[in-house]
Amino acid sequence: MIDSLGFHADRDLDTELATLNREINALTGQIAIGNFHSPESAWNTSAQLTNVQSRAARLAEELAAEQAELDRLAAAIRTVGDPDLGFIAYVVFGPAALPVPPLYEVRVIERAGGYTVPDLVRRRVAAEDVVETQRELLAAVVKRGGHADVWGHTIRDYRTQVTAY
């Protein structure tokens, strides 16, 4: 995605995972050497390693899901025949041009500002689950301690946006 200033705003999951793996290797080597100035330093390094390993595991799952999504679209584009023409058809006509059922992204948007509410975006939603996901996200935005409660809004101040891909 390109933001309004022209910057590439999507996360580069491969680079993030590679950075975390380098950090894991560095921490593992530091622990293997064991040259710490205090027991607290050793414990902190071990805790930092555990934290980085869990972040890497979550990121690897996210990367696998994104790769599966890209593979699904690539396979659908290839079934059209020519990959270039299939990609052009997908860009011009959307997911209806491909021989696979589209998945949907559902997000909650504040009406006044027009921005997406943080943590209220669901991707890879099947067509039959879109309405239920919309209800779930709108319920989450108005729950106690939720975005609406924090900012003093009501449910009328939000809308959902559904995008097929």
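Up top is the structure these notes are about.
Notes on the structure follow. Note that residues are indexed from 1 along each chain, following the sequence as it is written. Only residues with pLDDT of at least 70 get local features here, since the model is predicted, and only at 80 or more are side-chain atom pairs given and counted; chain-wide, interface and lining totals rely on the full set of residues. Remark: hydrogens and water are excluded; side-chain values derive from all non-hydrogen atoms of the structure.

**So, the sheet that holds strand β2 (residues 116-125)**
Then, number 1: We call two strands paired when DSSP finds no fewer than two bridges between them. A run of H or I in DSSP counts as a helix once it spans at least four residues, and a run of E counts as a strand once it spans at least two, with each numbered from the N terminus. With respect to topology, three strands assemble into an open sheet ordered β2-β1-β3, the strand pairing being antiparallel. The outermost strands of the open sheet, each flanked by one partner alone, are β2 and β3 (158-164). On average, each strand axis in the sheet is inclined to that of its neighbour by 20°, with strand direction left out of account.
Then, number 2: Here four bridges tie strand β1 (residues 104-110) to β2, and the two strands are oriented antiparallel to one another. The partner of Tyr104 across the bridge, within β2, is Val125.
Then, number 3: The contact definition used throughout considers only heavy atoms, calling two residues in contact when any of these lie within 4.5 Å. Fitted lines through C-alpha atoms give the axes, limited to the stretch in contact for helices. The angle between two N-to-C directions lies from 0 to 180 degrees. Lying over the sheet, helix α4 (residues 130-142) contacts β1, β2 and β3, oriented at roughly 160° with respect to β2.

**Thoughts on the nonpolar core**
Then, number 1: Only buried residues count toward a nonpolar core, which is a set of Ala, Val, Leu, Ile, Met, Phe, Trp, Tyr and Cys residues joined through side-chain atoms within 4.5 Å. Here's how the labels work: a residue is buried when its accessible area is under 20% of the maximum for its type, exposed when over 50%, partly exposed in between, all with a 1.4 Å probe on protein chains only. Among the nonpolar cores identified, the biggest contains twelve residues, and these are Tyr104, Val106, Val108, Val117, Leu120, Val125, Val130, Leu137, Leu138, Val141, Ala148 and Tyr158.
Then, number 2: Looking at this core, the elements with two or more residues in it are β1, β2 and α4.
Then, number 3: A per-element tally of this core places α4 first, with four residues.
Then, number 4: Setting aside its immediate chain neighbours within four residues, Tyr158 contacts Val108, Ile109, Glu110, Arg111, Val117, Leu138, Val141, His147, Ala148 and His153.
Then, number 5: Counting residues in hydrophobic clusters, the runner-up holds ten residues, among them Leu27, Leu49, Val52 and Leu63.

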